[in-house]
Amino acid sequence: MDVKIEESWKRELSPEFDKDYFVKLTDFVRQEYLSGRAIYPAARNIFNAFNLCPVDKTRVVIIGQDPYHEPGQAMGLCFSVPSGITVPPSLVNIYHEIESDLGRPSVTHGDLTHWANQGVLLLNSTLTVQAHLAASHAGRGWEQFTDAVIATLARRKNIVYLLWGSYAQKKAALVDATQNLVLKSVHPSPLSAYRGFFGCKHFSQANEYLVQHGFQPIDW
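None of the values given here were measured: they were computed from a predicted structure.

A. Just the side chain of Thr126, in detail. You can see Thr126 is positioned in the loop between strand S3 (120–124) and strand S4 (129–130). If near-sequence neighbours (up to four positions away) are discounted, Thr126 is found in contact with Gln65, Asp66, Pro67, His137, Ala138, Trp142, Glu143 and Tyr167.

B. A look at unusual backbone geometry. That bond from Tyr40 to Pro41 is cis: its omega, -5°, falls within 30 degrees of zero. Mapped onto the secondary structure, Pro41 falls in the loop between strand S1 (39–40) and helix H3 (48–52). Backbone geometry at Phe79 places phi at a positive 70°, although glycine is not the residue there. Secondary-structure assignment places Phe79 in the loop between strand S2 (60–64) and helix H4 (89–102).

C. Structural view of the packing of aromatic side chains. For the coordinates displayed, the defined rule picks out 18 aromatic pairs. Centre to centre, the rings of Trp164 and Phe197 are 5.2 Å apart; their planes meet at 80°, and the pair counts as edge-to-face. Of the two residues, Trp164 is situated in strand S5 (residues 160–164) and Phe197 in the loop between strand S6 (181–185) and helix H8 (202–212); the sequence distance between them amounts to 33 residues. Every member of this aromatic cluster is reached through a ring pair, and the members are Trp9, Phe17, Tyr21, Phe22, Phe47, Phe50, Trp142 and Phe145. The lysine or arginine in question, Arg140, covers the ring of Phe28, its NZ or CZ lying 4.0 Å from the ring centre.

D. Summary view of helix H1 (residues 7–17). Inspection of H1 places Ser8, Trp9, Leu13, Glu16 and Phe17 among the buried residues, and these make up the whole buried set. Projection of H1 onto a plane perpendicular to its axis shows the buried side chains occupying an angular sector of 155°, all on one side. Buried residues along H1 sit against helix H2 (20–34), H3, S3 and helix H6 (142–154).

E. View of the state of the cysteines. The full count for this structure, using the stated rule, is zero disulfides. Note on Cys78: no disulfide assigned, nearest cysteine sulfur contributed by Cys53 at a separation of 11 Å. Of the cysteine sulfurs around Cys200, a residue in no disulfide, the closest is that of Cys78, at 15 Å. By relative accessible area, Cys200 is classed as buried at 12%.

F. Representation of the pairing of S3 in the model. Most of S3 sits out of view: five of its five residues are buried. Neither face of S3 is left uncovered, since the one carrying Val120, Leu122 and Asn124 and the one carrying Leu121 and Leu123 both have all their residues buried. In this structure, S2 lies alongside S3, joined through five bridges in parallel fashion. Paired with Ile62 across the two strands is Leu122, which belongs to S3.

Basis of the calculations
Residues numbered from 1 in each chain as written. Predicted model: local features only at pLDDT ≥ 70, side-chain atom pairs only at ≥ 80, totals over all residues. Heavy atoms only, no water. Helix = DSSP H or I, 4+ residues; strand = E, 2+ residues; numbered from the N terminus. Contact = heavy atoms within 4.5 Å. Phe/Tyr/Trp six-rings, centres within 6.5 Å; stacked < 30°, edge-to-face > 60°. Lys NZ or Arg CZ within 6 Å of the ring centre and 35° of its normal. Buried < 20%, exposed > 50% of the residue type's maximum accessible area, 1.4 Å probe, protein only. Arc of directions from axis to C-beta. Disulfide = S-S within 2.5 Å. Pairing = 2+ DSSP bridges.

See the structure below:
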């Protein structure tokens, strides 16, 4: 199957594209976009996280659950919304922690493309969603695909994994914590951020680890 995704990811993930689950998944997703229902993100942005962050440039992985499901928000990068869209509460809390951790103001918009361009893979576990229905495309095969993404990266080393919330932390089983930096906390949602996300200092820890291993720190 010819999947329109960045070339290095296409090479690494090509065994997935002909598997039965992926064929069924793409048939389902195609029908959803053709149904007339609003599906997010726009089809051209389904693989945006990969297109902006090639395999060899990936230094940090942040895992979300599924795309934002309200109009104008989803852009194929977890936690990110286009500039000009109100910054969602979880991202507000992420920015709050960055400011506290690094001692400087963060940006005021919600577009995290500048993180992706520096090697931060902003990966949702499920890559599409029906409008107004969270997790509506869960259990259709995306999770198996994104597990394969993590498994691909797990063959490498010295990558930072920021796993926020129990859903993301399940992916830790796919990663060798002796060869990478795996940082866990509660989710930055307003429902949980005060129970351990604030004060986690993941952003400074990530940068210290990257510098120790010869990489540029991320300009968060």
